[in-house]
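Residue strings, one per chain:
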Amino acid sequence: MAGHDSPAVHRPPGRLVAFSDAVFAITVTLLVLEIRPPADYTKLLHELVALWPSYLAYALTFLFIGQVWANHHVMFDQIRAADRVILLLNTLLLMIVAFLPFATSVLAGAVRSGHGLRTAVVLYGAVFDATALTFNAVWLSETLDPAGARAIGRRFELALAWLTAGTLLGLLVPLLGVAVIAAFNVFYWFPIRGESPPAQPSSRPPADGA
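Residues numbered from 1 in each chain as written. Predicted model: local features only at pLDDT ≥ 70, side-chain atom pairs only at ≥ 80, totals over all residues. Heavy atoms only, no water.

1. Observations regarding the overall build of the chain
Then, in step 1: Counting its regular elements, the chain contains 8 helices and 0 strands.
Then, in step 2: Secondary structure of the chain in N-to-C order comes out as α-α-α-α-α-α-α-α.
Then, in step 3: Of all 210 residues assigned to the chain, the portion counted as buried reaches 38%.
Then, in step 4: Restricting to contacts in the chain with at least 6 residues of sequence separation, those with at least 24 account for 80%.
Then, in step 5: Carbon together with sulfur atoms contributes 70% to the accessible area of the chain, which is approximately 12,000 Å² in total. (Helix = DSSP H or I, 4+ residues; strand = E, 2+ residues; numbered from the N terminus. Buried < 20%, exposed > 50% of the residue type's maximum accessible area, 1.4 Å probe, protein only. Contact = heavy atoms within 4.5 Å. Areas by Shrake-Rupley, 256 points an atom, 1.4 Å probe, with all protein chains shown as cover.)

Next comes the structure, spelled out in structure tokens:
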């Protein structure tokens, strides 16, 4: 099949996971750099409190990236080899994740200024949606057992619907859209049945006398 490696090629995903971990780590570090220190230290407490939109956006995005990172590890419990399709799709996923600090900064700036909030929430939600979409594409590129495929498929169909609803709500009531996206973040930290591979039977010989 075009884009896939020869059946003779078996490329363990260890390097892919290590590279992905590095991108996740750098991205969450960049998030905090988007919170600028106050310019006026004569009213430092007031200026620090005024940065609450940045703190909120930082926490929401950090937890989202953490959730993607955790589920990325769960995903690669199932994926035993990284062909060119998986390498490409995972690269696209990381490219979108790395864009999140920019979208977070735009959202926080819009909340602070009171201008462009609808556009900022739609941008923020769209990046979340694109992350879920590419994450799902990596799953779909792999052959899973039927129960796991159904469970994971339902979960990510719900993710796309949930994030799209939050993005569209952001056009009408921006902060409500952000609340819907935040609720999504909480829900998707919980594991689901079928997402982990079945336990492998032990290959150790039985003990004497068993």
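Next comes the rest of the description.
2. Some remarks on the environment of Ala 50
Then, in step 1: When you line up the elements, Ala 50 lands in helix H2 (residues 44–50).
Then, in step 2: Under the relative-accessibility criterion, Ala 50 is labelled partly exposed at 35%.

3. Notes on the packing of helix H1 (residues 14–33) against helix H4 (residues 84–97)
Then, in step 1: Where H1 contacts H4, the two axes come as close as 10 Å, and the packing angle between them is 10°. Relative to H4, H1 is oriented roughly parallel. Facing Leu 16, Phe 19, Ser 20, Val 23, Phe 24 and Thr 27 of H1, the residues of H4 in contact are Ile 86, Leu 87, Asn 90, Leu 94 and Val 97. (Axes fitted to C-alpha atoms, helices over the stretch in contact; angles between N-to-C directions. Parallel < 35°, antiparallel > 145°, perpendicular 65-115°, else oblique.)

4. Details of the packing of aromatic side chains
Then, in step 1: Tallied over the full model, the rule gives 6 aromatic pairs.
Then, in step 2: Between Phe 64 and Phe 128, the ring centres sit 3.8 Å apart and the planes meet at 20°, which makes this aromatic pair stacked. Linking Phe 64 in helix H3 (residues 52–78) with Phe 128 in helix H6 (residues 117–140), this pair joins segments that are 64 residues apart in sequence.
Then, in step 3: Ring plane angle 45° and centroid distance 4.6 Å describe the contact between Tyr 124 and Phe 128, whose orientation is recorded as tilted. Highlighted residues: Tyr 124 and Phe 128, both in helix H6, separated by 4 residues, approximately one helical turn.
Then, in step 4: According to the relative accessible area criterion, Tyr 124 is buried, its value standing at 0%.
Then, in step 5: Exposure remark for Phe 128: the relative accessible area of 0% places this residue in the buried category.
Then, in step 6: Chaining the aromatic ring pairs together yields one cluster made of Phe 64, Tyr 124, Phe 128, Trp 162 and Phe 184. (Phe/Tyr/Trp six-rings, centres within 6.5 Å; stacked < 30°, edge-to-face > 60°.)

5. Observations regarding the packing of H4 against H6
Packed helix pairs are characterised by how far apart their axes lie and by the angle those axes make with each other.
Then, in step 1: Between H4 and H6, the shortest axis-to-axis distance is 9 Å and the interhelical angle comes to 165°. The angle between H4 and H6 places the two elements in the roughly antiparallel class. In terms of crossing hand, the pair formed by H4 and H6 is left-handed. Contacts between H4 and H6 pair Leu 89, Asn 90, Leu 92, Leu 93, Ile 96 and Val 97 from the former with Val 127, Ala 130, Thr 131, Thr 134, Phe 135, Ala 137 and Val 138 from the latter.
Then, in step 2: For the contact of H4 with H6, the residue count by class is 10 nonpolar, 3 polar and no charged. (Left-handed = near helix turned anticlockwise from the far one by under 90°. Nonpolar A, V, L, I, M, F, W, Y, C, P; charged D, E, K, R; others polar.)

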